[in-house]
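Remarks on the overall topology
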Amino acid sequence: MAEDNILLQMKHIHKKFPGVYALKDVNFELRAGEVHALLGENGAGKSTLIKCLAGIYIPEEGEVIVKGNSHIMQNVADSQAHGISVIHQELCLVPYLSIAENMFLGRERNVAGFIKRGQEAEEAKKMLARLGLDFDPNTLIQDLSIAQQQMVEIAKALSVKADILVMDEPTASLTDKETEVLFETMRQLKAEGIGIIYISHRMSELFEITDRVTIMRDGQYVGTVNTRETTRDQLIAMMVGRELTQLYFKDEVKPGEVVLEVKDLVSPPFVNGVSFAVRAGEIVGMSGLVGAGRSETSHCIFGIDNRYTGEILIDGKPVHIRSVRDAMKNGIALVPENRKEEGLVLINSVGYNLTLTVLHEIFRGRPLGNPKKENETIAQYIHELAIKTPTAEQLAENLSGGNQQKIVIAKWLATKPKLLILDEPTRGVDVGARAEIYGFMNELAKQGVAILMISSDLPEILNMSDRVLVMHEGKVTANLSKNELSQELIMRYATGGGTANVA
Amino acid sequence: MSPENNIKAQNGIVRYLKDNMGTLIGLFAMCVVLSFTTNGVFYSQRNLINVLRQVSSNACLAFGMTFAIITGGIDLSVGSILALSGTLSAGLIVHSGFSVPGAVATAIIIGTCLGLFNGFMIAKTTIPPFIVTLAMMQIARGAAYIYSNGQPIRAMINEYQIIGTGYLGPIPLPVIYMLVFLIACVILLSKTRFGRHVYAVGGNDKAAIFSGVNVARTKMLVYTMSGFLAAFTGVVLCARMASGQPTAGQSFEMDAIAATVLGGTSMSGGVGKIGSTMIGVLIIGVLNNGLNLLGLNSFWQQIAKGIVILLAVYVDMLKKRRK
């Protein structure tokens, strides 16, 4: 290992929290011109390690050596001064400011305090061009899509002359084409000698873009491997600490009666005449591109959107659903797309979140509630879904993504639904928890629950669905049975029935 | 958040002491200092009961305020609703020939309805609570002046005055009201379904909607309750003074907010406890009383209050950051 091109070394890093996760003796190394992936389940300590690098946390023990100097980052500015730039998973842009204004936030190009707008716009345009983006730098951030905002974030990070770049799940909201553009940029940056720390759950991306992979588990360093010399299975085994023989669990279930039937659902602009049915014991996948109207359709069925027209039938009977309570009374549950925004009260406890949907049962006939029943419910679901938390009192925000998702699923299972709608059930969820979630879905289907699974993850759709509905521009464009499923076919219908090899 | 969520249940009192360590130590320290500097006057039973009576109005307003702030809102109109209901109660007896119970009930109902109106506007439009209650603050104050013609309405009627001046044993009635509301609000917030919903609305209103919580109804109830508490306090205050004062309760909303914040309630919502707010109320009360006993004029009291608020919230933030 040539010492001269090592940009960064983190040695024996320890970080303790009163909460759940910590770092125990973690090592990491980054060379100039390499893309080094940090891999691990959610909660493995990747983000904590990055925060120790970015000066957000200060490790209790250990050494950080940046370009030969041993220095523990004291704050974010300190870290930036050492050429470290972090693109966080959550976007950190001010929506009401323009692209250029965001890029120069805190280091405005100015003369005696007056901003040189022209110069900022010009420089911003150059930086965007470096990423192959042709955006007007005066566009407001709020007018950009999430993916476009992500690209601006990357351009911003690059603009501070960083030679160590950290990307935390940068592709989570990017399309394949945008991801390709991003990778092209990363290759270019590599050639310039920049070291990139790359965090992603997408295994295929690791093999496409990274040189080395460091695996972490439960706050500990597991090992570092050369990407070219490893396999997907080996990485997964290192991540979960055991051989994960199978990710998807799906047994054949003979579908029962129709549980949900939807006729001519219309709610402009995203839902333009949707009709379909889901049977008991059936897992129906719903595929389509972002903006195809999948989540919006589920919001009609779940009563969040109450301005729709059309008919919803449960067990063959027309029902009136204009609120979430109406939906719940009809045995419908929805695990929403975005667990942090729609699924959880993050600043409250695990137990609180678990029972939020069944308060009417806990408080039925008892104005002061039934603590015994409540504790039993909480304990039951923490156990059944194997939610990793020290106590039920732990705040939801301190749990890993996978465990948070399990809380959201649990709180809806507690309502004993007939129809379970899962919107992106494994987005941002680590491999171990994913396998568990698929296991729950399989189990529920066997118990006769009808499941509608909205997902943008094609392998998930292909492996877990009995049947797949494809949506495009607010309409169901295909209803594909299991034996005719293929990635190409789904993509063809998802893009409006064009050529088959869009994907 | 609430104790019954803990599988390994932690003792409620231990938890309360632990959560409020900082403010409790501050309160205790103030009491110790005052007992020395006032030669024991502070610790006389008379004075302690006096302190409790003095804080009772702010306490009642602060309880309502705590609910509002936990939902992520605020209620600026409490001082004005207090004034309107107070003047109404006196005026209805003196000018309109209402019986005392009739006048009191009517005044409280009208104040409560203004709270309901606040809640309705906040829940059904997207106007922020700050704006809605700021408007109501102006409207109710104006209405109090118009109704009373800008003059105090004297109501020297024993049956009316007793509401504010009466005693139950050695304890003044306003203190009794405060204790009743304290217990009721603690139970309401920590033990009931409504309380859970209040935390959900402030913690993440979107998640609350997706969980089937009736967010609009929860907000309406919270502001209605705050209006009720303000109206009730207004009647008690005016009864005590035997006079419907349209100027009563000026800037009381600020004291209520101060007490709530001192108690550790987060202005961004989702976090807070009635029991902690009560400590905040007591800190402000003891501070006022102590500085009075020491002969400092009220202008200095305001400065002291400001410093204490800054200090307390800063300490609280340090504590949270260490977590």
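Described below are features of the structure shown in this document. Each chain carries its own residue numbering, running from 1 in the direction its sequence is written. Here every chain gets a letter starting at A, and every ligand a number starting at 1, in the order they are written. For a predicted model such as this one, the threshold for reporting local features is a pLDDT of at least 70, and the threshold for listing and counting side-chain atom pairs is 80 or more; totals across whole chains, interfaces and linings nevertheless cover every residue. Excluded from the side-chain calculation are hydrogens and water; included are all heavy atoms of the structure.

What follows concerns the sheet that holds strand β13 (residues 258-267) of chain A. All names here are of chain A. By the convention used here, strands pair only if DSSP detects at least 2 bridges between them. Note on conventions: DSSP H or I runs of at least 4 residues are helices, E runs of at least 2 residues are strands, and numbering of each starts at the N terminus. Spatial ordering of the open sheet is given by β14-β13-β16-β17, a layout of 4 strands whose pairing is antiparallel. Each end of this open sheet is capped by a strand with a single partner; those strands are β14 (271-279) and β17 (317-319). Across the sheet, the mean angle from the axis of one strand to that of its neighbour is 20°, orientation sign disregarded. Sheet topology places strand β16 (residues 309-314) next to β17; 3 bridges connect them, and they run antiparallel. By the bridge assignment, Ile 312 is partnered in β17 with Val 319. Throughout, an axis means a line fitted to C-alpha atoms (over the contacting stretch in the case of helices), and angles, computed between N-to-C directions, take values from 0 to 180 degrees.

All names here are of chain A. Across the sheet, which stays open at both edges, the 6 strands sit in the order β18-β19-β20-β15-β21-β22 with mixed pairing between neighbours. Strand pairing shows two members of the sheet lacking a second neighbour, β18 (332-335) and β22 (475-481), which therefore form its edges. Averaged over all pairs of adjacent strands, the angle between their axes in this sheet comes to 20°, without regard to strand direction. The pairing of strand β15 (residues 283-288) with strand β21 (residues 467-472) spans 5 bridges and is parallel. What sits directly across from Gly 285, in β21, is Val 468. Should any heavy atoms of two residues lie within 4.5 Å, those residues are counted as being in contact. On top of the sheet, helix α9 (residues 294-301) reaches β15, β18, β19 (419-423), β20 (450-454) and β21; it is set at about 150° to β19, its chief contact. Along the sheet, helix α15 (residues 401-413) contacts β18 and β19; its crossing angle with β18, the most-contacted strand, is approximately 175°.

Helix length check: helix α5 (residues 100-124) of chain B (25 residues) gives 36 Å between terminal C-alpha atoms against 36 Å at 1.5 Å per residue, within 8%. Polar contacts here mean pairs of N or O atoms no more than 3.5 Å apart (in protein, one a potential hydrogen donor and the other a potential acceptor; neighbouring residues in sequence count only if both atoms are side-chain atoms). Its side-chain oxygen 3.1 Å from the backbone nitrogen of Gly 102 of chain B, Ser 99 of chain B forms the N-cap of α5 of chain B. By definition here, a helix of n residues has an expected span of 1.5 Å times n minus one.

In this assembly, 31 residues from chain B lie in contact with 40 residues from chain A. The salt bridge criterion pairs a side-chain nitrogen of Lys or Arg with a carboxyl oxygen of Asp or Glu, the two atoms within 4 Å. Here chain B is connected to chain A by 4 salt bridges. For Glu 341 of chain A, the salt bridge identified is with Lys 206 of chain B, shortest N-O distance 3.9 Å. At the boundary of chain B and chain A, one finds 10 residue pairs in polar contact (both at pLDDT 80 or more). Of all elements in the fold, only α8 (173-191), α9 (193-203) and α10 (205-210) of chain B reach the threshold of two or more residues within the side of chain B that touches chain A. Residue contributions to the side of chain B that touches chain A peak at 6 residues, all from α9 of chain B. Charged residues are taken to be Asp, Glu, Lys and Arg, nonpolar residues to be Ala, Val, Leu, Ile, Met, Phe, Trp, Tyr, Cys and Pro, and polar residues to be all remaining types, Gly included. Class assignment of the residues belonging to the side of chain B that touches chain A gives a composition of 11 nonpolar, 12 polar and 8 charged.

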